[in-house]
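Tertiary structure, described
So the chains spell out like this:
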Amino acid sequence: MALAAGLSACGGGGSATPTAEASPGSVDTAESGEAPGLGESDGTNTVDPSAFDADLSGAAPQFAGADPELAERMSVSSNATTPGTVSTPYPTLHSLTIEWPIGGDADLDGVVSVRFRELGATTWRTAMALRRVPAGSNAGFSWGNRHSGSLMDLRPGTTYEIELNLKDPDGGSTVRTVQARTRPVPAPMANAPVKAVTPSNFSSVAASAQPGDVLQLGPGTYSGFSWSRSGVEGKPIVIRGSSGAVINGNVDIIGQQHVHLTGLTINGRVRFNSSKHVAITRNTIKTNGDGIVTFLRAENAYIADNVITGATTWAASSLGVSGNNVGEGILVTGPGHVVMNNRVIGFRDGISFLEQSEAVDQFSIDVLNNDIRNAADDGIEADYCFHNCRILRNRITNAFMGASSQPSLGGPTFFVRNVMYNVLMSPFKLHNGSTGDLLLHNTVVKSGDGLGIFAGAPIRHARFRNNLFIGGPGGTYNGYNTGSGRVVQVADLDAATSQADYDAYGTTASSFSGQLGSARFASLEALRSQTTEKHAVQIGLNVFASPTSMPGSPMTAYNAPDLRPAATAAVVDKGIVIPNVNSGFRGAAPDIGAYEAGNALPVYGPR
């Protein structure tokens, strides 16, 4: 099966290079602000490792409450870990995936802590522990027994040394050190020949294009085209627009490699089925259907700084999978893609992956710093992520669902520092037995239930940390009821494998109430005493530094508000430290939500 192959063999393109085991060295966990992260260090503190979240840093097993009957049925030897070969498949510009298949560890108490540094540096930095992923299956896919995780917010084109310390009290403990390199930002060849193109000579210049050529489209109207020539590594073929150049029609790049489209104005769709190392940047695309898509497995696309406008209007009749909506703003399948700093407006789904049997090798994918508006179904549809899809620092305004993971196939699937305003239904749609989702430092303000997830199936191996949710009175739109304004309604959270803590909740409705797992509560004290949310915080709209209103008329196309917290807000210094996510916090502890008080806003959309 495609998924099993993707997880056990981890595809190609980025196997780790083993090195000699590292000496312990010094550990300075203050981060260095490596692009493009918010939450990395501004140099204001050094973090004591004892302050780390024990579960996410590797200080404690992730499944301390594992099924004791399972352990009794297994032999003692099967509780020991048998380590496999570490790999780092499909590095992206800013992230590295780490996969470590194992045998044994039936009692799930093995832990892999992680340190990393740029090659040649002397100081180690701490990262999140690898997630313990038991073998499993769902929705026709299966995955193997392993530890898995990511390094995030790294420098492009940089080699890193990574130390993995596996500890299992039953046996098999070991230290492995590997090297992996992030991809560089795609760029034209230095001193590339530039060929002047007009509508009349486009076909002849295109037919003779060679690796390294830059085709400069001059003013005029061009027909859509299917591109059939490839560049090579270091010598891409670049098709570049000029002021006054307009392409009317679809652009297809099918089965090609190292082709760049940049600065073009396109009235139509861009499709790159089965292509590798394609860069689609700084284009303005208007379409009545899809925007930038691949419907067949592609690899290592870089889709950045585009403005993509679709034909779906923000109206009640448009809402939901069966609504009057059309088009995927950006759609990818296959590994290694980077989708960042795009502005996507007016589609069924803003950014999406393929689903069900069409999903192929959907791992090591970054969706970063995008500005998504008016999505009639999902703002980001990260469905059928095999592992290590990183949904970071996106801003979603006016969407039926915020971010979808239905399902995550074992995980980890990361949702970190996303900001959502005026999402009607679920800010996070963890349906269809989703397994392995991590929701860290997100901010949500919406009418209806603040965090409502109506899965109808267990949500397993999930972690919620440092999130901010505010709901309010709800309503019914196109047949969908958004809830009464409960602060949280997640009845399907699996208590044996999932956990939430250090989250902030609020509502403009009449009472602070809700349900987390099987526990129903009607006060902050009850939420803390009856659930894992021992450090939950109660908040209101006054938590924000800028005046903020509840989006009480959800079918209004709101502008995105500034949801940074006030300096004295109840969320300031109330979070827990998560290495490589928030180690650069300013005060006594990280702030809850997507932002640190006093920090500048990230760049959402084109830079």
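Structure: see above.
In what follows, the accompanying structure is described. Since this is a predicted model, take the numbers as computed values, not measurements.

So, how was this worked out
Residues numbered from 1 in each chain as written. Predicted model: local features only at pLDDT ≥ 70, side-chain atom pairs only at ≥ 80, totals over all residues. Heavy atoms only, no water. Helix = DSSP H or I, 4+ residues; strand = E, 2+ residues; numbered from the N terminus. Buried < 20%, exposed > 50% of the residue type's maximum accessible area, 1.4 Å probe, protein only. Contact = heavy atoms within 4.5 Å. Areas by Shrake-Rupley, 256 points an atom, 1.4 Å probe, with all protein chains shown as cover. Salt bridge = Lys/Arg side-chain N within 4 Å of Asp/Glu carboxyl O. 1 Å grid on protein atoms, 1.4 Å probe; cavity = no way out; pocket = protein on both sides within 12 Å on 5 of 7 lines; lining within 4 Å. Points joined across faces, edges and corners; volume = space filled by probe spheres on them. Phe/Tyr/Trp six-rings, centres within 6.5 Å; stacked < 30°, edge-to-face > 60°.

1. Focus on the overall build of the chain
If you tally the helices and strands in the chain, you get six helices and 49 strands. Relative to its 607 residues, the chain shows a buried fraction of 61%. Taking all contacts inside the chain whose residues are at least 6 apart in sequence as the whole, residues at least 24 apart take part in 68%. Accessible area of the chain: about 20,100 Å², with a carbon and sulfur share of 51%.

2. Re the pattern of salt bridges
Two side chains that carry opposite charge are able to pair once their charged atoms sit near each other. Counted according to the given criterion, the structure contains 24 salt bridges. With a closest N to O distance of 2.8 Å, Asp-361 and Arg-297 form a salt bridge. Here Asp-361 is found in the loop between strand E29 (349–353) and strand E30 (363–368), whereas its partner Arg-297 is found in the loop between strand E23 (292–293) and strand E24 (302–304), with 64 residues between them in sequence. Given a relative accessible area of 27%, Arg-297 falls into the partly exposed group. The shortest N-O distance in the salt bridge between Arg-348 and Glu-328 comes to 3.1 Å. Of the two residues, Arg-348 is situated in the loop between strand E28 (343–347) and E29 and Glu-328 in strand E26 (residues 328–332); the sequence distance between them amounts to 20 residues. Beyond isolated ion pairs, a larger network of salt bridges with shared partners links Arg-343, Asp-371, Arg-373 and Arg-395.

3. Details of the layout of surface pockets
Space inside the largest pocket adds up to approximately 580 Å³. Forming the boundary of the largest pocket are 24 residues, of which Arg-183, Pro-184, Glu-233, His-258 and His-277 lie nearest the centre.

4. Some points on the packing of aromatic side chains
What the rule picks out here adds up to twelve aromatic pairs. A ring pair is formed by Phe-116 and Tyr-160, whose centres lie 6.2 Å apart and whose planes are at 55 degrees; its orientation type is tilted. Of this pair, Phe-116 sits in strand E5 (residues 111–118) while Tyr-160 is found in strand E11 (residues 159–167), placing the two residues 44 residues apart along the sequence. Residue Phe-116 shares its accessibility class with Tyr-160, and that shared class is buried. Among the aromatic side chains, those forming a connected cluster through ring pairs are Phe-202, Tyr-222, Phe-225 and Trp-227.

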